[in-house]
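# Working through the structure, step by step
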Amino acid sequence: MNTFATGILDTTAAADISMAQFALAGGVSLLLGLVIALTYMYNTRFTKSFVVTLALLPAIICVIIIMVNGSIGTGIAVAGAFSLVRFRSVPGTAREICAIFMAMASGLIAGTGYIGIAAVFTAVMCLAFMILNKLDFGTKRNAGKYKTFRIMVPEDLDYTAIFDDVFAEFTSSNELVQVKTTNMGSMFRLTYDVILKDPSREKEMIDRIRCRNGNLEINVSSQATAATEL
């Protein structure tokens with residue numbers, strides 16, 4: 001057990017790292033990155049650029065850690081260089097952030113020389129990632145009950161309470177989240193987030209609303225989780 005927890009660079013300064021040690025740490029990091037990328041691709045939507053980044057990130061972090069090993073000045077310089085980098089891209093999801101941190105952690109562990117621990121850490125985390133994905137852990141139950149209604153009404157219709165009795169009959173919760181003028185101000189688009197009592201009665205509810213809004217457009221969709229939330 002002591003041998004397993006001993007790093008290949010424990011007694012080696014950065015300037016004295018042999019090519020064999022460097023190749024071993026870098027090669028294992030690349031392999032771990034590939035494992036993490038393949039795990040992320042399992043039952044998950046992904047882009048080519050993201051999985052390529054996951055595959056290479058542990059090796060990049062590993063090389064950086066090897067180079068700053070034992071050198072405080074170099075470490076400060078690297079930290080300063082990274083602080084100048086700005087990533088201009090779409091906000092990542094919580095799952096993508098988790099995968100990036102997992103890749104970085106594997107690279108950090110391998111870069112400090114603890115190859116065995118890096119391999120075990122990656123194997124355990126990838127296994128946990130796959131199991132939780134397979135079980136759909138955290139999936140909202142009864143998702144069909146959570147709907148967003150977008151209802152068009154004429155400008156001369158007082159919409160403040162016109163649908164209250166319909167929502168009381170068909171929903172257990174409802175909230176008017178947006179009012180927007182459209183069609184050159186001749187109509188309002190009302191957006192409601194609702195929780196249906198019985199999803200099978202959705203059409204009946206739509207028919208009742210059509211009688212109130214003059215048979216204008218009604219759009220029903222699943223409620224979307226905000227993209228900025230973790």
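The numbers attached to residues start from 1 for each chain and follow its sequence in the written order. Thresholds applied to this predicted model are a pLDDT of at least 70 for local features of residues and 80 or more for the giving and counting of side-chain atom pairs; totals over whole chains, interfaces and linings are not thresholded and use all residues. The basis for every side-chain value is the complete set of heavy atoms in the structure, and neither hydrogens nor water enter the calculation.

### Brief notes about the overall build of the chain
Helix numbering and strand numbering both begin at the N terminus, where a helix is a DSSP run of H or I of at least 4 residues and a strand a DSSP run of E of at least 2. Helix and strand counts for the chain come out as seven helices and four strands. The order of α-helices and β-strands along the chain, N terminus first, is α-α-α-α-α-β-α-β-β-α-β. A simple rule labels every residue: compare its accessible area, found with a 1.4 Å probe on the protein chains alone, to the largest value its type can have, and call it buried under 20%, exposed over 50%, or partly exposed in between. Put simply, the chain has 230 residues, and 29% of those count as buried.

### Let's talk about the sheet that holds strand E1 (residues 146-154)
Any two strands with at least two DSSP-identified bridges between them are counted as paired. Strand order in this open sheet of four strands is E2-E3-E1-E4, and the pairing throughout is antiparallel. Each end of this open sheet is capped by a strand with a single partner; those strands are strand E2 (171-182) and strand E4 (218-222). Averaged over all adjacent pairs, the angle separating strand axes in this sheet is 20°, with direction ignored. The convention used is that axes are lines fitted to C-alpha atoms, helices contributing only their stretch in contact, and that angles between N-to-C directions extend from 0 to 180 degrees.

### Section: the environment of methionine 205
For methionine 205, the location among the structural elements is in helix H7 (residues 202-212). For the pair methionine 205 and phenylalanine 167, spaced 38 residues apart in sequence, the C-alpha to C-alpha distance is 8.2 Å. Contacts are assigned to residue pairs that have any heavy atoms within 4.5 Å of one another. The residues touching methionine 205, leaving out its near neighbours within four places in the chain, are Phe149, Val166, Phe167, Phe170, Thr171 and Leu196.

### A look at the nonpolar core
Within the largest apolar cluster, 15 residues are counted, with the highest numbers of intra-cluster contacts made by Ile36, Ala37, Tyr40, Phe50, Leu54, Ala99 and Ala103. Those elements giving two or more residues to this core turn out to be helix H1 (19-41), helix H2 (48-68), helix H4 (94-111) and helix H5 (115-134). In terms of residues, this core owes the most to one element, H2, which gives seven residues. Aside from chain neighbours lying at most four places away, what touches alanine 103 is Ile36, Leu54, Leu57 and Pro58. Put simply, a nonpolar core is a bunch of buried Ala, Val, Leu, Ile, Met, Phe, Trp, Tyr and Cys residues held in one set by side-chain atoms that sit within 4.5 Å of each other. Listed in part, the 14 residues of the second largest apolar core include Phe163, Val166, Phe188 and Leu196.

### Focus on H1
A helix is expected to span 1.5 Å multiplied by its residue count minus one. With 23 residues, H1 ought to run about 33 Å at 1.5 Å a step, and its terminal C-alpha atoms sit 33 Å apart, in line with that. Along H1, the residues that are buried comprise Gln21, Ala25, Gly26, Val28, Ser29, Leu32, Gly33, Ile36, Ala37, Thr39 and Tyr40. Where the residues of H1 are buried, they touch H2, H4 and H5. Backbone geometry just after H1 places asparagine 43 at a positive phi near 55°.

### A short note on a nonpolar patch on the surface
Note that patches include only residues with greater than 30% relative accessible area and no salt bridge, and the join distances are 9 Å for like charges and 5 Å for nonpolar side chains (Val, Leu, Ile, Met, Phe, Trp, Tyr). Surface accessibility follows the Shrake-Rupley procedure with a 1.4 Å probe radius. Residue values consider only the protein chains on display as shielding. The rule for a salt bridge is simple: a side-chain nitrogen of Lys or Arg has to be within 4 Å of a carboxyl oxygen of Asp or Glu. On the surface, a nonpolar cluster with roughly 520 Å² of combined accessible area is contributed by Leu31, Leu34, Val35, Leu38, Met41 and Phe46. As for its position among the elements, leucine 38 is in helix H1.

### Describing the pairing of E1
Two elements, E1 and strand E3 (residues 187-196), share nine bridges in a ladder whose sense is antiparallel. Bridging across to E3, valine 153 finds its partner in phenylalanine 188. Sheet topology places E1 next to E4; five bridges connect them, and they run antiparallel. Bridge pairing in E4 links phenylalanine 149 to valine 220.

### A word on the confidence of the model for the chain
Looking at the chain, the pLDDT average stands at 81 and 77% of residues meet or exceed 70. For the stretch residues 226-230, pLDDT sits under 50, and the model shows two contacts to residues farther than four places along the chain or on other chains. In predicted models, pLDDT denotes the confidence assigned by the predictor to each residue on a 0 to 100 scale.

### Concerning the packing of H2 against H4
Across the interface, H2 lies against H4 with an axial gap of 7 Å and an inter-helix angle of 30°. The hand of the H2/H4 crossing is right-handed. Residues Phe50, Leu54, Leu57, Pro58, Ile61, Cys62, Ile65 and Ile66 of H2 form the contact with H4, whose participating residues are Glu96, Ala99, Ile100, Ala103, Met104, Gly107, Leu108, Ala110 and Gly111. Here the contact of H2 with H4 is composed, by residue class, of 14 nonpolar, two polar and one charged. Note on convention: near helix rotated counterclockwise from far helix by under a right angle means a left-handed crossing. Clockwise means right-handed. Each residue receives one of three labels: charged for Asp, Glu, Lys and Arg, nonpolar for Ala, Val, Leu, Ile, Met, Phe, Trp, Tyr, Cys and Pro, and polar for the others, Gly being one of them.

### Considering the side chain of threonine 39
Counting through the fold element by element, threonine 39 comes out in helix H1. Owing to a relative accessible area of 6%, threonine 39 belongs among the buried residues under this scheme.

### Overview of the packing of H1 against H4
For the pair H1 and H4, the least separation of the axes is 9 Å and the interaxial angle reads 160°. As summarised for this structure, H1 and H4 are arranged roughly antiparallel, according to the angle between their axes. Read as a crossing pair, H1 and H4 show a hand that is right-handed. Of the residues in H4, those in contact with Ala25, Ser29, Leu32, Ile36 and Tyr40 of H1 are Arg95, Glu96, Ala99, Met102, Ala103, Ser106 and Ala110. Reported orientations rely on four angle classes, namely roughly parallel under 35 degrees, roughly antiparallel over 145, roughly perpendicular from 65 to 115, and oblique for the rest.

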